[in-house]
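# Coordinate analysis (summary)
Next come the chains, spelled out residue by residue.
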Amino acid sequence: YPLEGGDKLPPLRNPDILVGENDLTALSYLHEPAVLHNLKVRFVESKIIYTYCGIILVAVNPYKQLPLYGDAVIHAYAGQNMGDLDPHIFAVAEEAYKQMA
């Protein structure tokens, strides 16, 4: 959008260091294009379907089976705090269990 004097606003873009961030609330600019780009980078480049947005877990449907739910993964998340490991549904379940207990 042009400003007075013909200047244009810089694009609202997150710094490269935040590309692929595992928690969307860490982004400098939290708007739809930034969120979608971050989810795309995590899914396409890193094959990661889960991303946090604060205490909310965002999941991208991979439309195929992934080795994300075995006993080893369950035990890895047991007793951990949410945010200690990569985003996962088991981290959310563990946090809910702790809060309930």
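Here, every reference points to the structure presented above.
All values reported here derive from a predicted model rather than from experimental measurement. As a convention, each chain's residues are numbered from 1 in the sequence order in which they are written. Only residues with pLDDT of at least 70 get local features here, since the model is predicted, and only at 80 or more are side-chain atom pairs given and counted; chain-wide, interface and lining totals rely on the full set of residues. Hydrogens and water are ignored here; the side-chain numbers use all heavy atoms of the structure.

## Thoughts on the overall build of the chain
Cut-off, in case you're wondering: Per the convention used, a helix needs a DSSP run of H or I reaching at least four residues, while a strand needs a run of E reaching at least two, with both numbered from the N terminus. Accessible area is worked out with a 1.4 Å probe on protein chains only. A residue is then buried under 20% of its type maximum, exposed over 50%, and partly exposed in between. Where accessible areas are quoted, they stem from the Shrake-Rupley method and a 1.4 Å probe; at the residue level, only the protein chains shown are allowed to cover.
When helices and strands are tallied, the chain shows 3 helices and 2 strands. The order of α-helices and β-strands along the chain, N terminus first, is α-β-β-α-α. Counting across all 101 residues of the chain, residues that qualify as buried make up 21%. Entry remark: accessible area of the chain is about 7400 Å², with carbon and sulfur atoms responsible for 59%.

## Details of helix α1 (residues 32-45)
Applicable threshold: A helix is expected to span 1.5 Å for every residue after the first.
The end-to-end C-alpha distance of α1 is 19 Å, a good match for the 20 Å that 14 residues give at a rise of 1.5 Å each. Two residues or fewer after α1 comes lysine 47, characterised by a positive phi angle close to 60°.

## What about the packing of aromatic side chains?
Here is the rule we go by: A pair of Phe, Tyr and Trp rings is counted when the ring centres sit within 6.5 Å of each other, with Trp represented by its six-membered ring. The angle between the planes then sorts it: under 30 degrees is stacked, over 60 is edge-to-face, the rest tilted.
Inspection of the entire model under this criterion finds 1 aromatic pair. The interplanar angle of 75° and the centroid separation of 6.0 Å between the aromatic rings of tyrosine 69 and phenylalanine 90 together place this pair among those described as edge-to-face. A residue pair is termed long-range when its members are at least 10 positions apart, and tyrosine 69 in the loop between β2 (56-59) and α2 (71-77) and phenylalanine 90 in helix α3 (residues 89-100) qualify at 21 residues. Its relative accessible area of 40% is what places tyrosine 69 among the partly exposed residues.

## Remarks on the side chain of aspartate 23
This is how the line gets drawn: Note on charges: Lys and Arg go in the positive column, Asp and Glu in the negative column, and His and the chain ends are not counted at all. One speaks of a salt bridge when a side-chain nitrogen belonging to Lys or Arg is within 4 Å of a carboxyl oxygen belonging to Asp or Glu. Definition of a polar contact: a pair of N or O atoms within 3.5 Å, with one able to donate and the other able to accept a hydrogen when the atoms are protein atoms, and with sequence-neighbouring residues admitted only if both atoms are side-chain atoms.
By the element assignment, aspartate 23 lies in the segment before α1. One buried charged side chain, aspartate 23, makes no salt bridge at all; its nearest oppositely charged neighbour is arginine 42, positioned 9.4 Å away. Reaching out from aspartate 23, the side chain makes a polar contact with the side chain of threonine 25 at a distance of 2.8 Å.

## Overview of the side chain of glutamate 94
The test is simple: Between two residues, a contact is recorded if the distance between any of their heavy atoms is within 4.5 Å.
On the secondary structure map, glutamate 94 appears in helix α3. Here glutamate 94 sits buried without a salt bridge, and the closest side chain of opposite charge, lysine 98, lies 4.9 Å off (N-O distance). Apart from the residues lying within four places of it in its own chain, the contact partners of glutamate 94 are Tyr77, Ala78, Gly79 and Gln80.

## What to know about the pairing of β2
Each regular strand carries side chains that alternate between the two faces of the sheet. Going by this rule: For two strands to count as paired, DSSP must find a minimum of two bridges between them.
Bridge count for strand β1 (residues 50-53) against β2 is 4 bridges, and the pairing is antiparallel. Bridging across to β2, tyrosine 52 finds its partner in leucine 57. Between the end of β1 and the start of β2, which pair antiparallel, lie 2 residues, with glycine 54 showing a positive phi angle near 70°.

## Quick word on the nonpolar core
Just so we agree on the cut-off: Among the buried residues, those of types Ala, Val, Leu, Ile, Met, Phe, Trp, Tyr and Cys that are joined through side-chain atoms within 4.5 Å form a nonpolar core.
Of all hydrophobic cores here, the largest spans 6 residues; its members are Leu18, Leu24, Leu27, Ala34, Val35 and Leu39. Filtering out sequence-adjacent residues up to four positions away, alanine 34 remains in contact with Asn14, Leu27 and Tyr29.

## Some words on unusual backbone geometry
Unlike most non-glycine residues, lysine 47 shows phi in positive territory, near 60°. Looking at the element boundaries, lysine 47 is found in the loop between α1 and β1. Take lysine 47: its relative accessible area is 60%, and that puts it in the exposed class.

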